[in-house]
Amino acid sequence: MACDIRVASETAKFGITETLIGIIPGPGGIQRLSRLVGKGRAKELIFTVRRIDVGEAGEIGLVEYVMTAQSLLKKASDIANQIVQNGSITVTRVKFSIDKRGDVDLSNQLAIEQNVYELIIPTKERLEGL
């Protein structure tokens, strides 16, 4: 759940099972899951300890890609190769902006994006990209 982009095998199964043994999902599992799949779905999965298959994981936004076991690593590599073609400063700042989305209201989200934009504009990376 802590990954930026999640690629899973078509045979993967998922479950947040900590409540079964009387503890909470650790490190950040509650917050990460609720941000990925929404509060209601996160509560349902954590409260019931229901396990889901990769098809449902894709439907609810827990994973972005479902691949065969043989093509899993290639897909992850392809995504990584696409990302590294872009400006590292820009990718890093956009990641920051997206990650902060859940922490603040829309007005502050827009201010964060404006700040990100202003930080990127004077960079050599941006000028080279243009």
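As shown above, the structure is provided for reference.
From a predicted model like this one, the values you see are computed outputs, not experimental measurements.

Cut-off values and rules
Residues numbered from 1 in each chain as written. Predicted model: local features only at pLDDT ≥ 70, side-chain atom pairs only at ≥ 80, totals over all residues. Heavy atoms only, no water. Helix = DSSP H or I, 4+ residues; strand = E, 2+ residues; numbered from the N terminus. Contact = heavy atoms within 4.5 Å. Salt bridge = Lys/Arg side-chain N within 4 Å of Asp/Glu carboxyl O. Buried < 20%, exposed > 50% of the residue type's maximum accessible area, 1.4 Å probe, protein only. Patch = residues over 30% accessible without salt bridge, like charges linked within 9 Å, V, L, I, M, F, W, Y side chains within 5 Å. Areas by Shrake-Rupley, 256 points an atom, 1.4 Å probe, with all protein chains shown as cover. Axes fitted to C-alpha atoms, helices over the stretch in contact; angles between N-to-C directions. Parallel < 35°, antiparallel > 145°, perpendicular 65-115°, else oblique. Left-handed = near helix turned anticlockwise from the far one by under 90°. Nonpolar A, V, L, I, M, F, W, Y, C, P; charged D, E, K, R; others polar.

Considerations on the side chain of Ser 97
Tracing the sequence through the fold places Ser 97 in helix α5 (residues 88-100). If we ignore the near neighbours within four places in the chain, the residues touching Ser 97 are Ile 112, Glu 113 and Val 116.

Some thoughts on the pattern of salt bridges
As enumerated under the stated definition, the model contains 8 salt bridges in all. The shortest N-O distance in the salt bridge between Arg 41 and Glu 44 comes to 3.9 Å. Pair noted here: Arg 41 and Glu 44 are both in helix α2 (residues 39-48), with a separation of 3 residues, about one helical turn. By relative accessible area, Arg 41 is classed as partly exposed at 32%. Overall, Glu 44 belongs to the partly exposed group, its relative accessible area being 26%. The salt bridge involving Glu 56 is made with Arg 50; its shortest N-O contact spans 2.8 Å. Judged by its relative accessible area of 18%, Glu 56 falls in the buried class.

Some words on a nonpolar patch on the surface
A cluster of nonpolar side chains, contributed by Ile 5, Tyr 65, Ile 83 and Val 91, occupies part of the molecular surface with about 290 Å² of accessible area. With respect to the helices and strands, the residue Ile 5 is situated in the segment before β1 (7-9).

So, the packing of helix α1 (residues 29-37) against α2
Relative orientation of the contacting elements α1 and α2 amounts to 130 degrees, with a least axis distance of 7 Å. As the angle between them shows, α1 and α2 are arranged oblique. As α1 runs across α2, the sense of the crossing is right-handed. Of the residues in α2, those touching α1 at Ile 30, Leu 33, Ser 34 and Val 37 are Lys 39, Arg 41, Ala 42, Leu 45 and Ile 46. For the contact of α1 with α2, the residue count by class is 6 nonpolar, 1 polar and 2 charged.

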